Number of protein chains: 2
Amino acid sequence: MAKKSDNPYVVQPVMKALKVLELVARHGHEIALTAVSKELRIPKTTTFRYLQTLTAAGFLDHNRTTDRYNLGPQLRAIARADASVSKVRELARPAMIELMHEFNETVNLAVKGNGTIVYIDLVEANRSLRMQARIGDSHPMHSTALGKAILAFLPEAERQRQLDLPLTERTGRTLLEREEIERQLRQVKRVGYATELGENEDGAMCIGVPVFDEDGYPVAALSISAPLMRMPHSLAAKAGVRLREVAAGISTRLGSPPPTTAG
Amino acid sequence: MAKKSDNPYVVQPVMKALKVLELVARHGHEIALTAVSKELRIPKTTTFRYLQTLTAAGFLDHNRTTDRYNLGPQLRAIARADASVSKVRELARPAMIELMHEFNETVNLAVKGNGTIVYIDLVEANRSLRMQARIGDSHPMHSTALGKAILAFLPEAERQRQLDLPLTERTGRTLLEREEIERQLRQVKRVGYATELGENEDGAMCIGVPVFDEDGYPVAALSISAPLMRMPHSLAAKAGVRLREVAAGISTRLGSPPPTTAG
DNA sequence: AACACGAGTTTCGCCTTGCGGAATTATGGG
DNA sequence: CCCATAATTCCGCAAGGCGAAACTCGTGTT
């Protein structure tokens, strides 16, 4: 009675529960326990448990008056987040390639995670010494230009919450003093770009700018990273200005209101 | 060691697998087995199994070159379908209320399911004798005006596939002859609205029109339903024309190309 | 070139815990 | 008020999920 798959690692309860989720989702709207059970040929008790579990996890929503289930907030949130990331990546890619050629350095794109930034795309300069990051890697917010760019433009309450978390020390130069960080963030907000000098990785530096979504929220950041020795102050400033322009273009295309560059 | 929930019906493997799914999704991009395992404090073997299962179900995607996982097509499809349904419902609601007042009959909105139509919204006239349908109910395509409206505008291949399925007989008047159905569908395509007279429920009739998405695909249908006795031919024709107008407006706002009313 | 390390895959046997039939309670239509 | 249908709860069995450990494979190091 080999059923679903030849893959011996498939966990049956999980697989069946996913079928339930799928059925409910594809149904378009509110469906009752018995209907799901009949449709999937899964005993009512088992179906009941899956529906309960999916609901507890927020993937489904249980309407107590009609005793029916439909898609839950969790799934919608995931979908929205994914769509947002996809869109940012798509919009940013051409600009990133252009920037890479312009400065001949690696260009990074990251989104805001929970207390961290997560790299979602990068275009490497071929003369890059070694890879700085990989897609999917996550780094602390306070030790990267990407993170600082986002932090600076976060709503006050959320920024405070972020800075309340323990700040990990990545290198000897990583900023750990709250005072100092907040001073820098104000500076970032003023000039519109963030700089990080060997604070995340020894010998490497980075210039980052935020990308805003339609609500003016900094969902992502764009950066140019380089070995410290290859990026003098003057060039960094130039890069910052260019990044700011490019990011503003992306933000606009994401439906963002005009950037709040002014302090 | 009571963990997640006080709900005794929560199935642990399912719950944990959902956590894995959520983590991968929220990560923004490609994440490796070990990272998931560490983050969630779930043993590597177990995490491995969940990732395999989620992948087999299409909820995740396994990149074999990098050995990392990210969101899969299944989840995106579900999300897209849901967003589409939500949007249709949202756009249609005001028009439905207007139509209800105009004809003082129940107005229905349904989406195309698999071989059926599924009611996703309805606005009942208060003089309605009894409820015709409930949100979430699904009816055959060939026995309802909603279904016929959709069938008529489906791509040829898909329509044939639908009609190949066994046709259930809802009432004595339900159309079962393929010839007859296809003749009616051509007629529907010509006039732009479908009519059903006691074919789905004795004594009830319905007039339905399709709603198109941005690809010109009939994702949903709008209808007015009434007791047979209250809806003479002339009034039905008038309702058909009005529905056609209203649905065209909704289709346009969904990004649909100009309706293919011409035969 | 050999080695050490880390990541993914496979095995294996224990025993948790998921399963589903059946009993029980809630619901709502007639 | 009763009956039909649906949702919950109970319970004992054993299916199958679990995780430690062994194994493989690829990378980077000495």
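Higher on the page you've got the structure.
The following paragraphs examine the structure supplied in this document. (Residues numbered from 1 in each chain as written. Chains lettered and ligands numbered in written order. Predicted model: local features only at pLDDT ≥ 70, side-chain atom pairs only at ≥ 80, totals over all residues. Heavy atoms only, no water.)

1. Observations regarding the pairing of strand E7 (residues 194-197) of chain B
Residue and element names in this part refer to chain B. To keep it simple, the criterion reads: A simple rule labels every residue: compare its accessible area, found with a 1.4 Å probe on the protein chains alone, to the largest value its type can have, and call it buried under 20%, exposed over 50%, or partly exposed in between. Helix and strand definitions here come from DSSP, where helices need a minimum of 4 consecutive H or I residues and strands a minimum of 2 consecutive E residues; each element is numbered from the N-terminal end. Note on pairing: two strands pair once DSSP finds at least 2 bridges between them.
Here E7 shows a clear split, with Ala194 and Glu196 buried on one side and none of Thr195 and Leu197 buried on the other. Sheet topology note: the E7/strand E8 (residues 204-212) ladder contains 4 bridges and is antiparallel. Bridged to Glu196 within E8 is Cys206. Between E7 and the antiparallel strand that follows it, E8, lie 6 residues; Gly198 among them carries a positive phi value of about 65°.

2. Here we look at the protein's contact with DNA strand D
What counts, and what does not: The criterion for a residue being near a molecule or strand is simple. One of its heavy atoms has to lie within 4 Å of it. Here a polar contact is taken to be a pair of N or O atoms separated by no more than 3.5 Å, where protein atoms must pair a possible hydrogen donor with a possible acceptor and residues adjacent in sequence count only if both atoms sit in side chains.
Surveying the vicinity of DNA strand D reveals 20 residues, the closest of which are Thr34 and Phe48 of chain A together with Thr46, Arg49 and Tyr50 of chain B. At a separation of 3.4 Å, a phosphate oxygen of DNA strand D approaches a polar backbone atom of Leu33 of chain A. Contact distances for DNA strand D include 2.2 Å between a phosphate oxygen and a side-chain N or O atom of Thr34 of chain A. If one sorts the elements of the surface near DNA strand D by residue count, helix H3 (residues 44-56) of chain B sits on top with 4 residues.

3. Topic: the protein's contact with DNA strand C
For the record, the criterion: Gly is placed with the polar residues, together with every amino acid not listed as nonpolar (Ala, Val, Leu, Ile, Met, Phe, Trp, Tyr, Cys and Pro) or charged (Asp, Glu, Lys and Arg).
Around DNA strand C lies a shell of 20 residues, among which Thr46, Arg49 and Tyr50 of chain A together with Thr34 and Phe48 of chain B are the nearest. Per the 4 Å cut-off to the protein, sugar and phosphate atoms form 62% of the nearby atoms of DNA strand C. Here Thr45 of chain A contributes a side-chain N or O atom positioned 3.2 Å from a base oxygen of DNA strand C. Note that a phosphate oxygen of DNA strand C is positioned 3.4 Å from one of the backbone N or O atoms of Leu33 of chain B. Mapped by element, the contributors of at least two residues to the surface near DNA strand C are helix H1 (12-26) and helix H3 (44-56) of chain A together with helix H1 (12-26), helix H2 (33-40) and H3 of chain B. At 4 residues, H3 of chain A tops the list of elements feeding residues into the surface near DNA strand C. Residue composition of the surface near DNA strand C, grouped by class: 10 nonpolar, 5 polar and 5 charged.

4. Things to note about the packing of aromatic side chains
Selection criterion: Pairing of aromatic rings covers Phe, Tyr and Trp, the last through its six-membered ring, and needs centres within 6.5 Å; plane angles under 30 degrees mean stacked, over 60 mean edge-to-face, and all others mean tilted.
Inspection of every chain in the model, using the stated rule, returns 4 aromatic pairs over all chains. Aromatic side chains Phe48 of chain A and Tyr9 of chain B sit 5.1 Å apart centroid to centroid with 65° between the ring planes, which places their arrangement in the edge-to-face category. Residue Phe48 of chain A is located in helix H3, and its partner Tyr9 of chain B is located in the segment before H1; the two belong to separate chains. A relative accessible area of 39% places Tyr9 of chain B in the partly exposed class. Consider the rings of Phe153 of chain B and Phe212 of chain B, whose centres lie 5.4 Å apart with planes at 80°: the pair is edge-to-face. With Phe153 of chain B in the loop between helix H5 (145-152) and helix H6 (156-164) and Phe212 of chain B in strand E8, this pair connects stretches of sequence that are 59 residues apart.

5. Overview of the relation of the copies chain B and chain A
Note the following rule: The copies were overlaid with a least-squares fit restricted to C-alpha atoms from residues scoring a pLDDT of at least 70 in each copy. By definition, residues are in contact when any of their heavy atoms lie within 4.5 Å.
For these two chains of identical sequence, chain B goes onto chain A by a turn of 179° and a shift of 0.0 Å along the axis, with RMSD 0.2 Å. The transformation relating the two chain copies, once decomposed into turn and shift, fits a two-fold axis. For chain B, the smallest separation between a C-alpha atom and the rotation axis is recorded for Val14 of chain B, amounting to 2.2 Å. By residue overlap, the copies meet face to face through one surface: 95% of the interface positions of chain B are interface positions in chain A.

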